[in-house]
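# Observations on the three-dimensional arrangement
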Amino acid sequence: MMRAWIALILMLMAPLAPASEKTDAAVTAANRWLRQVDNGEYPAAYAAASALMRQKVAFDAWQGAIAQSRTPLGMVHKRELTYGALQKELPGLARGDYAQLRFRTDFATKYEVTESITMMLDSDGQWRPIGYFIK
């Protein structure tokens, strides 16, 4: 009986593995991109963003908005993933692979800031940001 339960649990978990791998890959890519922003590497972060984001927001406008919102916060002391969900559809966007992620981040001048980042799986198989918001 116990073996049957274990087999059933393993069968039910098997479909979750690819989603977990996709989520992990999206989180890894988001963290890499956020470190570029943290370090003030704005041209590199912009270049690493999705083509969709770069089409919608010019570099100068994006850099100005990021610098205005991030510079007063200072250095990152701690960043922790608090939410991650994969989706196939988001309002106003074509059907695809998207990850909505939220981090609780402690900065030098402000604690418990929520960073929300939406990632998309690009045609080259890489996760890239399409949106970033700080609350």
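Residue positions are given per chain, counting from 1 as you read along its sequence in written order. Totals for whole chains, interfaces and linings use every residue, but because this is a predicted model, local features are given only for residues with pLDDT of at least 70 and side-chain atom pairs only at 80 or more, for both listing and counting. No hydrogens and no water enter the side-chain calculation; it runs on all heavy atoms of the structure.

### A short note on the nonpolar core
The criterion is simple. A nonpolar core is a set of buried Ala, Val, Leu, Ile, Met, Phe, Trp, Tyr and Cys residues joined through side-chain atoms within 4.5 Å. Burial here depends on accessible area, computed with a 1.4 Å probe over protein chains only, as a share of the maximum for the residue type. Under 20% is buried, over 50% is exposed, and the range in between is partly exposed. One finds Trp33, Trp62, Leu101, Ile117 and Met119 to be the most contacted residues of the largest nonpolar core, which totals 21 residues. Note on conventions: DSSP H or I runs of at least 4 residues are helices, E runs of at least 2 residues are strands, and numbering of each starts at the N terminus. Looking at this core, the elements that each hand over two or more residues are helix 2 (16-38), helix 3 (42-48), helix 5 (59-70), strand 2 (98-107), strand 3 (113-121) and strand 4 (127-134). For this core, the element with the most residues is helix 2, which contributes seven residues. The contact definition used throughout considers only heavy atoms, calling two residues in contact when any of these lie within 4.5 Å. Sequence-distant contacts of isoleucine 117, defined by excluding residues within four places in its chain, comprise Ala30, Trp33, Ala99, Gln100, Leu101, Phe103, Pro129, Gly131 and Tyr132.

### Some points on the environment of leucine 34
The residue leucine 34 is located in helix 2 in this model. Spatially, the C-alpha atoms of leucine 34 and arginine 79 are 9.9 Å apart, while their sequence positions differ by 45 residues. When residues no more than four places from it in sequence are discounted, the contact partners of leucine 34 are Arg79, Phe103, Glu115 and Tyr132.

### Details of the sheet that holds strand 3
Whether two strands pair comes down to DSSP finding at least two bridges between them. An order of 1-2-3-4 is seen for the four strands of this open sheet, with the pairing classed as antiparallel. Two strands in the sheet have a free side with no partner beyond their single neighbour: strand 1 (76-87) and strand 4. When the angles between neighbouring strand axes are averaged without regard to direction, this sheet yields 25 degrees. Structural elements are reduced to axes, namely lines fitted to C-alpha atoms, with helices fitted over the stretch in contact, and the angle between N-to-C directions of any two is expressed from 0 to 180 degrees. Where helix 5 meets the sheet, it contacts strand 1, strand 2, strand 3 and strand 4, and its direction lies at approximately 50 degrees from that of strand 4.

### With respect to helix 5
In a regular helix each residue adds 1.5 Å, so twelve residues correspond to 16 Å; helix 5 covers 16 Å between its end C-alpha atoms and thus fits that length. Of all the residues in helix 5, the buried ones are Trp62, Ile66 and Arg70. Viewed along the axis of helix 5, the buried residues span an arc of 40 degrees, placing them on a single side of the element. When the buried face of helix 5 is taken as reference, the exposed residues oriented beyond 90 degrees from it are Asp60 and Gln68. One less than the residue count of a helix, multiplied by 1.5 Å, gives the span that helix is expected to have. Arc definition: directions from the helix axis to the C-beta atoms.

### Describing the pairing of strand 2
Among the ten residues in strand 2, seven count as buried, and that is most of the element. Where strand 1 and strand 2 come together, ten bridges link them in antiparallel fashion. Looking at the pairing, glutamate 80 lines up with arginine 104 of strand 2. Where strand 2 lies against strand 3, eight bridges are found, and the strand directions are antiparallel.

### Comments concerning the pattern of salt bridges
For this analysis, a salt bridge means a side-chain nitrogen from Lys or Arg found within 4 Å of a carboxyl oxygen belonging to Asp or Glu. Evaluated as defined, the whole model comprises nine salt bridges. Ionic pairing is found between arginine 128 and aspartate 124, a salt bridge with its closest N-O pair at 2.4 Å. In this structure aspartate 124 comes out as partly exposed when scored by relative accessible area, which is 44%.

### Observations regarding the side chain of serine 116
Inspection of the secondary structure puts serine 116 in strand 3. Contacts of serine 116, omitting those with residues within four sequence positions, involve Leu101, Arg102, Gly131, Tyr132 and Phe133.

### Observations regarding the confidence of the model for the protein
Per residue, pLDDT measures the predictor's confidence, with a range of 0 to 100. Averaged over all residues, the pLDDT of the protein is 86; the fraction at 70 or higher stands at 86%. The low-confidence segment residues 1-18 (pLDDT under 50) makes zero contacts with residues lying over four places distant or belonging to another chain.

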